[in-house]
Amino acid sequence: MTFTGFFRSKGLGLAAWLIGIVFFLPIAWMTLTSFHTEEDAATNPPSFAASLTLDGYRDFFGAGGGASPWPALINSTVASLASTLFVLLLALPAAYALSIRPVKKWTDVLFFFLSTKMLPVVAGLLPIYLFAKNTDFLDNIWLLVILYTSMNLPIAVWMMQSFLAEVPVAVIEAAQIDGARLPTVLTRVVAPIALPGIAATALICFIFSWNELLFARVLTGVVAQTAPVFLTGFITSQGLFLAKVCAASLVISLPVLAAGFAAQDKLVQGLSLGAVK
């Protein structure tokens, strides 16, 4: 390696570290603030040497007489996991049809799927609200499951189509010659080969569902309230709430962070699948 190339590689590595630290700083700041008292969290400039406390977490979990977060966390878990499962069950055959057995003008089909994501979410809020009200689906967790499934399905089909396009057609034809039907081909041949891509798609759909706020805020009340909606309840026009919000934000972010950490290998493999021939 030349002298210039050595310093170039070191410079790129240093730049990557600096960018990573910049993205990590807000999370570190939120974590530190969550362990401060409300008075210390509200100081400007903030104090790094302030005493640490668990009051924010006690308030979040209802130790001070507030509402318990567990129903909201359970609702978010059910809505996110169920919608992600339904998305995978629907997206896998659709992506198979568009990649392994492509239809005519399959690129137009993919564009149509993506075009549904171009509609502003707020534009469809009123019709969906009226439909939910007339069908007694307001404050029902399964309404959110249906909405999250329909919202994430286009991006899932688009992603999985590129992943399944890398599956060797010869392997599928060999399985069909041995008598394997389509369900068997999808579950025992295609799915194991495209597992990193499927895992990446599932993780992204889970994150989108977990973080969704607008529909959950308008269409739920008490029974089907999700974690992001519960979090907004700590923001008031009076009093201090910064430490409490940081504690709640950190706890609510943990499932997404844990899922991303557990699936990081599959996520990297899935997102880079097909990038290098």
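Please refer to the structure higher up on the page.
About the criteria used
- Residues numbered from 1 in each chain as written.
- Predicted model: local features only at pLDDT ≥ 70, side-chain atom pairs only at ≥ 80, totals over all residues.
- Heavy atoms only, no water.
- Helix = DSSP H or I, 4+ residues; strand = E, 2+ residues; numbered from the N terminus.
- Buried < 20%, exposed > 50% of the residue type's maximum accessible area, 1.4 Å probe, protein only.
- Areas by Shrake-Rupley, 256 points an atom, 1.4 Å probe, with all protein chains shown as cover.
- Lys, Arg positive; Asp, Glu negative; His and termini not counted.
- Charge placed at Lys NZ, Arg CZ, Asp CG, Glu CD.
- Contact = heavy atoms within 4.5 Å.
- Core = buried A, V, L, I, M, F, W, Y, C linked by side-chain atoms within 4.5 Å.
- Polar contact = N/O pair within 3.5 Å; in protein donor to acceptor, adjacent residues only side chain to side chain.
- Axes fitted to C-alpha atoms, helices over the stretch in contact; angles between N-to-C directions.
- Parallel < 35°, antiparallel > 145°, perpendicular 65-115°, else oblique.
- Left-handed = near helix turned anticlockwise from the far one by under 90°.
- Nonpolar A, V, L, I, M, F, W, Y, C, P; charged D, E, K, R; others polar.
- Patch = residues over 30% accessible without salt bridge, like charges linked within 9 Å, V, L, I, M, F, W, Y side chains within 5 Å.
- Salt bridge = Lys/Arg side-chain N within 4 Å of Asp/Glu carboxyl O.

What to know about the overall build of the protein
So, point 1. Along the protein, the regular secondary structure elements total 14 helices and zero strands.
So, point 2. Starting at the N terminus and ending at the C terminus, the protein contains elements arranged as α-α-α-α-α-α-α-α-α-α-α-α-α-α.
So, point 3. Each of the three principal axes of the protein carries a C-alpha extent, and together these read 70 × 70 × 30 Å.
So, point 4. Burial analysis of the protein (277 residues in total) assigns 36% to the buried set.
So, point 5. Entry remark: accessible area of the protein is about 16,300 Å², with carbon and sulfur atoms responsible for 71%.
So, point 6. Across the protein, the centroid of the 14 positively charged side chains sits 13 Å from that of the 13 negatively charged ones.

A few points about the side chain of Thr 33
So, point 1. Residue placement: Thr 33 occurs in helix α1 (residues 3–34).
So, point 2. Apart from the residues within four sequence positions on either side, Thr 33 is in contact with Ala 41, Leu 242, Ala 243 and Cys 246.

Some thoughts on the nonpolar core
So, point 1. Residues Tyr 96, Met 160, Leu 164, Ile 172, Val 185, Val 190 and Ile 198 are the most contacted members of the largest nonpolar core, which totals 29 residues.
So, point 2. Only α4 (70–99), α7 (141–164), α8 (169–177), α9 (182–193) and α10 (195–211) provide two or more residues apiece to this core.
So, point 3. Excluding anything up to four places from it in sequence, Val 185 contacts Tyr 96, Ile 172, Ala 175, Gln 176, Ala 180 and Val 190.
So, point 4. Leu 73, Ala 227, Leu 231 and Ala 247 belong to the second largest nonpolar core, which has 19 residues in total.

Focus: the side chain of Glu 212
So, point 1. In this fold, Glu 212 is placed in the loop between α10 and α11 (214–219).
So, point 2. A polar contact of 3.0 Å, which involves the side chain of Glu 212, links it to the backbone nitrogen of Leu 214.
So, point 3. Excluding residues that lie within four positions of it along the chain, Glu 212 makes contacts with Tyr 148, Met 151 and Pro 228.

What to know about the packing of α4 against α10
So, point 1. Between α4 and α10, whose axes approach to 9 Å, the crossing angle comes to 140°. Classified by the angle between their axes, α4 and α10 sit oblique to one another. Both α4 and α10 take part in a crossing whose hand is right-handed. Two secondary-structure elements touch here, α4 through Leu 73, Ser 76, Thr 77, Ser 80, Leu 81, Ser 83, Thr 84, Val 87, Leu 88 and Leu 92 and α10 through Ile 198, Thr 201, Ala 202, Cys 205, Phe 206, Ser 209 and Trp 210.
So, point 2. Its residues assigned to classes, the contact of α4 with α10 shows ten nonpolar, seven polar and no charged.

What to know about the environment of Gln 161
So, point 1. Within the fold, Gln 161 resides in helix α7.
So, point 2. Sequence separation of Gln 161 and Gln 238 is 77 residues, and the distance between their C-alpha atoms is 50 Å.

Observations concerning unusual backbone geometry
Only a minority of non-glycine residues have a phi that is not negative, and only a minority of peptide bonds are not trans.
So, point 1. The residue Asp 136 is not glycine, and still its phi comes out positive at about 55°.
So, point 2. Along the chain, Asp 136 turns up in the loop between α6 (125–134) and α7.
So, point 3. On the accessibility criterion, Asp 136 (68% relative accessible area) is exposed.
So, point 4. Here Asp 139, not a glycine, exhibits a phi torsion of approximately 60°, which is positive.
So, point 5. Note on placement: Asp 139 falls in the loop between α6 and α7.

Structural notes on a nonpolar patch on the surface
So, point 1. Among the surface-exposed residues, Phe 61, Trp 70, Ile 74, Val 78, Leu 85, Phe 86, Leu 89 and Trp 142 lie close enough to one another that they form a single nonpolar patch of about 800 Å² accessible area.
So, point 2. It is α4 that provides the largest number of residues to the nonpolar patch, a total of six residues.
So, point 3. Structurally, the position occupied by Val 78 is in helix α4.
So, point 4. On the accessibility criterion, Val 78 (32% relative accessible area) is partly exposed.

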